[in-house]
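# Structural overview for review
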Amino acid sequence: MKQFKIKYLIYGISIVLTVIALIILIVSYQPNLFSKHKTMPLSQIYTKLKTSHDIINLFPKDLTDIDRIKAQSIAWLDQVTQITDTPATEQNYNNTFGLLDQISYEFGANCGVLNIIENTHPDEAMRNTAQIAVLELSNLATLRLSLNKKLYQALKNYTDNNYKLTKLSPQQSYFIEQTMAGFKRAGLNLPEQEFAKVQMLTQQLNKLTQEFSKNINEENRTISFELAELAGTPKNTIDSLAKAADDKLIVKAQHPTLVAILDNCTIAETRQKTFDFYVNIAYPKNQSIFQQIVNTRDELAKVLGFASYADLDLDDQMAQNITTVESFIASIIIPAQVKAAQEFKLFLAAEPQCATMVNTDNQVLAWNVRYLKNNYRKHNLNLDMSKISEYFPLDHTLNKLLEIYEKFMDLKFKRQTVNLWYPNLELLEVYRNNRLMGHIILDLHPRENKYNHAACFPVAPTIKIDQQIVPGLNAVIANFPQATADTPALMTYDDVKTFFHEFGHALHGLLGATEIASLSGYNVKTDFVEMPSQMLENWLTDPEILKLVSCHYQTEEPLLAATIAALVKLKQFDSGDFICRQLCFARMSLAYFKAGQNKDVQKIMFDILASTRPYVALYQNDHMVEGWGHVASSGYAAKYYGYMWSDVFAKDLFEKIKTGGLLNPVMGCEYIEKVIGKGGAQDPNELIEDFLGRKPNQVAFMRSMGL
Ligand SMILES: [Zn+2]
């Protein structure tokens, strides 16, 4: 996905699995038993996601509201005693796994709300209070859900004694299997002393990973430049910069600004200073935190009986083990490196100042990589990305992108503006077959102290109870440019793809409705979660679709046919380097979490960069790891390979869909029914094979990448 292309690291987490994912290892929700608990003094979020009014009321208005939400979350966790106190003879599915599912749904939804506040609220006290609450709750959930021995014993007792006697649906059985396997992986079957250690280490990790993300989000350092030093930078970027007292223009740690300078600025010193700023976000604050994360994860894995944290992390994934991932990387890396070396020869040949772009070994200097690519795009592919963004005014483009989803997936959206944690955010109602599937909130522009990348933040997945839909809720948080005094907000081509991608996650959350909440939506295996969203990005490489979406903000003309033809081929122009860079990250995320402690983080990074991307010079002050949200997040950790892994499947599926028509609702419905509509309630290997009618392969991926 293009997002990584851009992100030299700050890259947050494409899907915020954060702390909550860890908590919700187990989670799920079985609604038809909710009626049994009507007497509980509990607020049930699942009944409160039906109208815009419900959604507005869901989010806290002040600090007291945050306390109330926290209290509700704790009250739901307290319900675990209902499972542990039920006598063995009275156990059934509903009062064991069903109730666990319900608790996890309600708890997860409350935490989802607080997680959004922590990452987006303009008020510091609100953010901090939400952050403290999320940390406390995640620790409590660790104790009472994921590491609760009594709970494990009660559920084990049910599975050992009663489970086979009861008639369960395939989804319920799958949920039981997955949950019990998750408990084992989490060490619940260990003797008391080892188990106490697991509890301690898990809590330490919760705290460390949260601190790591906070330091990235709250990077408040800036750099500043004279106007002349920003020569070549697009006007709308320059117009969006604030001025310091000395009249210099202030550049903050915001992704769109940084890449606009790196792509376009003709002054090498400015690019170097910007690159240095970019690869030092949250450094040195996160240096020792990352070291502690590596050590603590290694210790945890050992106590749990795994050779390393990477082995533990991959154990329940599609890929299953390190060997499979390493063979996957090996099967792609050589052709990608050959192509990347050819690419840079072309990029350098196209640059009059090429002698200054490389070191004495003819390796490209790191701060010139994006500039060289952009220069080649402009002059040799005739693609000036800042000119192209004039064809993507935000309002028009969003309308068109939403129309594509409506047509292909046969959906209906109703849009309105609401005041939530910030005024005038957009709220979409999503309908399928005239049934409300849920809501998606859009918070799309940068602000001070806001989460600084693009991601879909989950609140609650949509679920299906006896064929009745219980609507879900997700938020797409992004940082697309604002309007300036004389131009409307213009999206770059990358922004357009990013929105389509993140919105794809949000829809996966609402269309993957199953009877079990924790198996609904994109509660799927991590190395599968990017498949649907990455597949959707391919729509924006189709000529008809590009014509449909683009509209110059002044002339109202679509992109010229020649520009569209060039955009269609765009992915291939640097696909070799794109893949090598992705595989660098995949190798790093594995290497940090293979067996061992007190690792030399810098040396590991430099060794991998040198062997995987040998045509780019190492930059000695590069500390990108400290600002790399994925590597610390419990959702990704050793599993960064998942992006490329799922892209291979995405390309395979896309070729089949394209044959049937990218706006063909019959195709879209088949895709929903057989793939995303199944949520996480079935092995993704089976879903893919069912849709393709054969085993997946790498042919489409290699062809689309020009390898
Ligand atoms: Zn994603």
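In this report, the structure presented in the accompanying data block is examined. (Residues numbered from 1 in each chain as written. Predicted model: local features only at pLDDT ≥ 70, side-chain atom pairs only at ≥ 80, totals over all residues. Heavy atoms only, no water.)

### Brief notes about unusual backbone geometry
As a reminder, the rule being used: Numbering goes from the N terminus for both helices and strands, where a helix is a DSSP run of H or I of at least four residues and a strand is a run of E of at least two. The cut-offs for exposure are 20% and 50% of the maximum accessible area for each residue type, with area from a 1.4 Å probe on protein chains only; residues under the lower value are buried, those over the upper are exposed, and the others partly exposed.
Cis geometry is adopted by the peptide bond preceding proline 284, which originates at tyrosine 283 and carries an omega value of 5°. Structurally, the position occupied by proline 284 is in the loop between helix H13 (268-278) and helix H14 (285-303). Despite not being glycine, asparagine 433 has its phi angle at roughly 50°, a positive value. By the secondary structure assignment, asparagine 433 is in the loop between strand S5 (425-432) and strand S6 (435-443). In this structure asparagine 433 comes out as exposed when scored by relative accessible area, which is 54%.

### Quick word on helix H26 (residues 575-593)
To keep things clear, this is the line we draw: Given a helix with a known number of residues, its expected span is that number minus one, times 1.5 Å.
Its 19 residues place the ends of H26 27 Å apart at the C-alpha level, agreeing with the 27 Å of an ideal helix rising 1.5 Å per residue. Most of H26 is tucked away: 18 of the 19 residues are buried.

### Things to note about the packing of aromatic side chains
To be explicit about the condition: Here the aromatic set is Phe, Tyr and Trp, taking the six-membered ring for Trp, and pairing holds for ring centres within 6.5 Å; pairs whose planes are under 30 degrees apart are stacked, those over 60 apart are edge-to-face, and all others are tilted. Any Lys NZ or Arg CZ found within 6 Å of a ring centre and within 35 degrees of that ring's normal is scored as a charge over the ring.
Scanning the model with the defined rule gives 34 aromatic pairs in all. Between the aromatic rings of tyrosine 641 and tryptophan 645, the centroid separation amounts to 5.9 Å while the plane-to-plane angle is 85°, which identifies the pairing as edge-to-face. Within the aromatic cluster, the residues linked to one another by ring pairs are Tyr405, Phe413, Phe480, Phe499, Phe500 and Phe503. The ring centre of tyrosine 371 lies 4.0 Å from the NZ or CZ of arginine 271, which sits over that ring. Sitting above the plane of the phenylalanine 593 ring, arginine 297 keeps its charged end 4.9 Å from the centroid.

### Some remarks on the pairing of strand S10 (residues 472-477)
Note the threshold: Pairing between strands is defined by DSSP: at least two bridges between them are needed.
Burial analysis of S10 places 6 of its 6 residues in the buried class, the great majority of the element. Going residue by residue along S10, you find Gly472, Asn474 and Val476 tucked away on one face and Leu473, Ala475 and Ile477 tucked away on the opposite face as well. Note: strand S7 (residues 455-460) against S10, 5 bridges, orientation antiparallel. Bridging from a neighbouring strand, cysteine 456 pairs with valine 476 of S10.

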